[in-house]
Amino acid sequence: VEACPKSHYGDCSRFRNVSITGVQQICNVRIWKDYEFRKEQVRKELEGREAVPIVASNLPPLVCKWAHLDRKINEILLLHGTTQDKIDQIA
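Here's a quick rundown of the structure. The shown structure was predicted, so the numbers you read here are calculated from the model rather than taken from an experiment.

What to know about the environment of V23
Next, step 1: In this structure, V23 sits in the segment before α1 (29–46).
Next, step 2: Relative accessible area serves as the criterion here: at 41%, V23 is assigned to the partly exposed category.
Next, step 3: Once the C-alpha coordinates of V23 and H80 are considered, the two residues, 57 residues apart in sequence, prove to be 9.5 Å apart.

Digging into the environment of D70
Next, step 1: Considering the arrangement of structural elements, one finds D70 in the loop between α1 and α2 (87–90).
Next, step 2: Look at D70 and you get buried, because its relative accessible area is 16%.
Next, step 3: Sequence-wise, D70 and K39 are 31 residues apart; in three dimensions their C-alpha atoms are separated by 9.4 Å.
Next, step 4: In contact with D70, other than residues within four places in its own chain, are R43 and E75.

Thresholds applied
Residues numbered from 1 in each chain as written. Predicted model: local features only at pLDDT ≥ 70, side-chain atom pairs only at ≥ 80, totals over all residues. Heavy atoms only, no water. Helix = DSSP H or I, 4+ residues; strand = E, 2+ residues; numbered from the N terminus. Buried < 20%, exposed > 50% of the residue type's maximum accessible area, 1.4 Å probe, protein only. Contact = heavy atoms within 4.5 Å.

This is the structure:
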């Protein structure tokens, strides 16, 4: 998977020659529960509304197949990289 889509220009364009070789899920349970609560609020706010814009993802389906995204509320993945020594600080 490309780290920077060809159509994207910005500070991260320096990663055009980087390839993503793996994705690992690191989860902070407290933050995840807050996210799930807010996601339900957004779902209720958008319920019955028409013309909600849809964000398209360019990730292949096999990447992050554990993520069950809700297209009705425009849920997308935001992936970022880190170094091995920072993983414990994130989790």
